[in-house]
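What follows is the residue order along each chain.
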Amino acid sequence: MIFMQQLINGIALGSVYALIALGYTMVYGIVQLINFAHGDIYMIGAFAAYYAANMFNLSFVPTLLAAMVVCALLGMTIERLAYRPIRKAPKITALITAIGISLLLENLVRIIIGPNPKSFPGLLTSKMVTIGNLEIDSLKLVTLGVSIGLMILLTFIVHNTKVGKAMRAVSQDKDAARLMGIDIDRIISYTFGIGSALAAVGGVLVGVLYQRIDPLMGIMPGLKAFTAAVLGGIGVIPGAMAGGVLMGIAESLTKGFISTKFSDAIAFSILIIILLFRPSGLLGKKSSEKV
Amino acid sequence: MSEKYKYLIILVASVIVYSIIQLLIYFGILNDYYVQIIIFIGINIILAVSLNLVLGITGQFSLGHAGFMSVGGYLSAIISIKLGLPFPIALIIGGIGAAIIGLVIGFPILRLKGDYLGITTLGFGEIIRVIFVNIDYVGGARGLMAIPKKTTFTATYIATIITVLVIVNIIRSTHGRALKAVREDEIAAQSMGIDISKYKLTAFVIASFFAGIAGGLYAHFLMYINPQSFGFLKSIDIVMMVVIGGMGNLFGSIIAATGITTILELLRELQDYRMIIFPIILILTMLYKPSGLLGSRDLSISRLYNKITRIFMKGGKVKDEIANS
């Protein structure tokens, strides 16, 4: 019974990781950049929701939309100002820039808002839902529902819309896509926008679930979501979803049955093991090196 | 100019710099606060120069240098406290401990490349930190206290000079050229008969050793360490010094380590704002001067010598170039 409870906690947490991981994987798939600042965009999503809900008294859905818009714009701005100029530069340059952006966002928020945690407004009330002989927090069900809904939406966008088709084309071969008349800059910008909006949803859901947000909350979930993306095979959208859920389950089982202290180290251990034995991830394609 | 003269010049120059600083300390012109900054500069030079061997020369992206620093710091501190061995021995054991960890970690992960290697080394740095937090013997999250204060200006200075000399010599040797070949193109290097994994691992282990020494100096200076002082941010600080100084440029690392340490100290009053200023510097450097502020312009004693001789006696440069070729 405790096991089932932990499993459900893990799946709820994992669906949040999956939302963040989708942003990592989409951006990596299209520009081969680990967007290190993605975890901080998730944090800003939570704060945007906090202010939107407090200042305008919005309910859950409008708050969520507000946070998504703020983060989408932020993600697109970061891409435009910091990543676009160095798109052709070596990977190390890009990664260091991304780390710089991440530190900048964290510290800007820390100075503007203050380092202390804020308590997130209670947008939804928690109720216990009984299914069989399991008691489940309704907030966890909402988290799961919203995440699954967005993942279905994203899959639809990527496979059935013009933008989605262009995205897939750009991730396959940029030059060929350009020859087909695709505006690559615009597609990359959309990718950042969509990814950031999903991260914002993750931030809001965590705020609703745990009622506590702070400027450094993005670091660990960011790294865990990245791990999830690698676990599933970076660049592969269903992989990010599966990886996220697996990471969430691994974390809550570690917390429940081994030790809370080690739960952060678990993410890294999984990452290292995956990279060593299956670098292309669970659902990833093997690629051979070109000479 | 022959090699013998070069070393003589380096030796004389380092003794002169040392004497000047020591005299300034002796006459009280440099107070304890400045001495502290100078010691931090020395420690950071060791860290930056050693990381440059991996990051700049070998082209392997390591984001966990502070992890090795913590191993050296903890190990040497424990040896000083529990066994009371002399300070240089404690330092060296700390360095060796860090090198062994470097070997154990480096062996599997150096097969990875680029971003993935960066993230994995970052992960290892964090795992080392979590392990120290969970070992009660070394104080856990509270940290390790009452480490004897052994790090002096002299000790730091000697360690810094040795580190720089060793790494410069590695880079200028045949092995150094092999490391650069690995950086430029692994496949090409391999087809020229270079054992790339051996070279990558060697560079990684040497860098870890010196990071351990730096950690030992740090621990014996502050007399207190905790796992938090060797976190991800410390690793990023070191990476920043290497990147801003110019990857692969040792002279640049030394200048950047000196400059950044000094600026960080001067900005200490601004506490929070300096954590905004620094990322901005980092981002702007990457955007406008990705090769670092000094690029690949290394300080070469031969070139300096040439410039001086060119001013004083005509023809000196020509003769020297023939001698060098």
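Before reading further, recall that the structure is shown in the block above.
Every chain is numbered independently, its residues counted from 1 as its sequence is written. Chains and ligands are labelled sequentially in the order written, the chains with letters from A and the ligands with numbers from 1. A pLDDT threshold of at least 70 governs which residues receive local features in this predicted model, and a stricter bar of 80 or more applies before side-chain atom pairs are shown or counted, although totals over entire chains, interfaces and linings include all residues. Note that water and hydrogens are dropped before the side-chain values are worked out from all heavy atoms of the structure.

Draft legend 1. Geometry of the overall build of chain A. Only DSSP runs of H or I covering at least 4 residues are called helices, and only runs of E covering at least 2 are called strands; the numbering of each starts at the N terminus. For chain A, the helix and strand inventory stands at eleven helices and four strands. Its C-alpha radius of gyration of 19 Å places chain A within 12% of the 19 Å reference for a compact globule of 291 residues. With respect to the three principal axes, the spread of C-alpha positions in chain A is 55 × 45 × 35 Å. In chain A, which comprises 291 residues, the share counted as buried stands at 56%. The contact rule is simple, with two residues in contact once any of their heavy atoms fall within 4.5 Å. For chain A, long-range pairs separated by at least 24 residues make up 77% of all intrachain contacts whose partners lie at least 6 apart in sequence. Counting every atom, chain A has about 12,700 Å² of accessible surface; 65% of that belongs to carbon and sulfur. Think of it this way: Lys and Arg go in the positive column, Asp and Glu in the negative one, and His and the chain ends go nowhere. Lys charges are placed at NZ, Arg charges at CZ, Asp charges at CG and Glu charges at CD. Put simply, chain A has 23 plus and 13 minus side-chain charges, and the middle of one group is 4 Å from the middle of the other. As a reference, a globule follows 2.2 Å times the number of residues to the power 0.38, and the radius of gyration itself is taken over C-alpha atoms. Three labels apply to residues, based on accessible area from a 1.4 Å probe with only protein chains included: buried if under 20% of the type maximum, exposed if over 50%, partly exposed otherwise in between. Note on areas: Shrake-Rupley, 1.4 Å probe, and residue coverage restricted to the protein chains presented here.

Draft legend 2. Just the pattern of salt bridges, in detail. Counted as salt bridges are all cases of a side-chain nitrogen of Lys or Arg within 4 Å of a carboxyl oxygen of Asp or Glu. One pass over the full model with this rule turns up eleven salt bridges over all chains. Residues A:Arg87 and A:Asp185 are paired through a salt bridge, measuring 2.7 Å at the closest nitrogen-oxygen approach. You can see A:Arg87 sitting in the loop between helix 3 (60-83) and helix 4 (91-113) and its partner A:Asp185 sitting in helix 8 (residues 184-210), a full 98 residues away along the chain. The shortest N-O distance in the salt bridge between B:Arg183 and B:Glu184 comes to 3.1 Å.

Draft legend 3. A look at the interface of chain B and chain A. The partner chain A presents 40 residues to the 36 residues of chain B that form the contact. Two parts placed together each lose some accessible area under a 1.4 Å probe, and adding up what both lose gives the buried area. For the pairing of chain B and chain A, the buried interface totals around 3,500 Å² over both sides, and the portion due to carbon and sulfur atoms is 81%. It is B:Asp115, B:Tyr116 and B:Ile119 that lose the most area in chain B upon contact with chain A, and together they represent 19% of the buried surface on that side. Across the contact surface, chain B and chain A share zero salt bridges. Mapped onto the side of chain B that touches chain A, the elements with two or more residues apiece are helix 4 (87-109), helix 5 (114-134), helix 10 (232-245) and helix 12 (274-288) of chain B. For the side of chain B that touches chain A, a count of residues per class yields 28 nonpolar, three polar and five charged. The residue classification treats Ala, Val, Leu, Ile, Met, Phe, Trp, Tyr, Cys and Pro as nonpolar and Asp, Glu, Lys and Arg as charged. All others, Gly included, are polar.

Draft legend 4. Seen up close, a nonpolar patch on the surface. All names here are of chain A. Within this analysis, patches are made of residues with over 30% relative accessible area and no salt bridge. Like charges are joined at 9 Å or less; nonpolar side chains (Val, Leu, Ile, Met, Phe, Trp, Tyr) at 5 Å or less. On the surface, Met1, Ile2, Phe3, Met4, Phe257 and Ile258 cluster together into a nonpolar patch covering about 660 Å² of accessible area. Element by element, the count of residues in the nonpolar patch is highest for helix 1 (residues 2-31), at three residues. Relative to the assigned elements, phenylalanine 257 resides in helix 10 (residues 237-257). With relative accessibility at 47%, the residue phenylalanine 257 sits in the partly exposed group.

Draft legend 5. Inspection of the environment of B:Met69 at higher detail. Residues and elements named next belong to chain B. Along the chain, methionine 69 falls in helix 3 (residues 65-83). In this structure, the C-alpha to C-alpha distance between methionine 69 and glycine 94, residues 25 residues apart in sequence, is 9.0 Å. If we ignore the near neighbours within four places in the chain, the residues touching methionine 69 are Ile43, Leu47, Ala211, Gly212, Ala214, Gly215, Tyr218, Phe230 and Lys234.

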